Amino acid sequence: MPRKFKSGQKDKMGYEDFVWFMLSEEDKSTSRSLQYWFKVIDLDDNQVITPHEMDYFYEEQVHRLEYLNHEPILFVDILCQMNDMVKPGPIEGHFALSQLKKY
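Now for a description of the structure that goes with this document. This is a predicted model, so every value here is computed, not measured. (Residues numbered from 1 in each chain as written. Predicted model: local features only at pLDDT ≥ 70, side-chain atom pairs only at ≥ 80, totals over all residues. Heavy atoms only, no water.)

### As for the packing of helix α1 (residues 15-26) against helix α2 (residues 31-41)
Here is step 1 of the chain: The N-to-C vectors of α1 and α2 enclose an angle of 105°; their axes lie 9 Å apart at closest approach. Relative to α2, α1 is oriented roughly perpendicular. Residues W20, F21, S24 and E25 of α1 form the contact with α2, whose own contacting residues are R32, S33, Y36 and W37.
Here is step 2 of the chain: Its residues assigned to classes, the contact of α1 with α2 shows four nonpolar, two polar and two charged. (Axes fitted to C-alpha atoms, helices over the stretch in contact; angles between N-to-C directions. Helix = DSSP H or I, 4+ residues; strand = E, 2+ residues; numbered from the N terminus. Parallel < 35°, antiparallel > 145°, perpendicular 65-115°, else oblique. Contact = heavy atoms within 4.5 Å. Nonpolar A, V, L, I, M, F, W, Y, C, P; charged D, E, K, R; others polar.)

What follows is the structure, given as structure tokens:
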């Protein structure tokens, strides 16, 4: 979870939590928004987004594209483009928040 919900109910989003979510969804160009979405995607909370974590979320997009009769781009091609753009190190396909903040 990117930030602890303040609703007082376990795993329930309150108004303030919803506002944070909406702000992060609407303007993904801010540092705070990038941190929010990074933590959402970093499923094991190890401060690195791996191909496995990205593919987990990409699969949902593939289903949407197929439903709309669009041909999805292969995940390996997207990963290759990300590697070329971000040039992560030391392990290709593993992205730290600091590396993504440069873009």
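Resuming the write-up.
### A look at the environment of S31
Here is step 1 of the chain: Here S31 shows up in helix α2.
Here is step 2 of the chain: Given the relative accessible area of 38%, S31 is considered partly exposed.
Here is step 3 of the chain: Each C-alpha atom, one on S31 and one on V86, is 16 Å from the other, the two residues being 55 residues apart in sequence. (Buried < 20%, exposed > 50% of the residue type's maximum accessible area, 1.4 Å probe, protein only.)

Remember that the coordinates give geometry; whether it matters functionally is a separate question.
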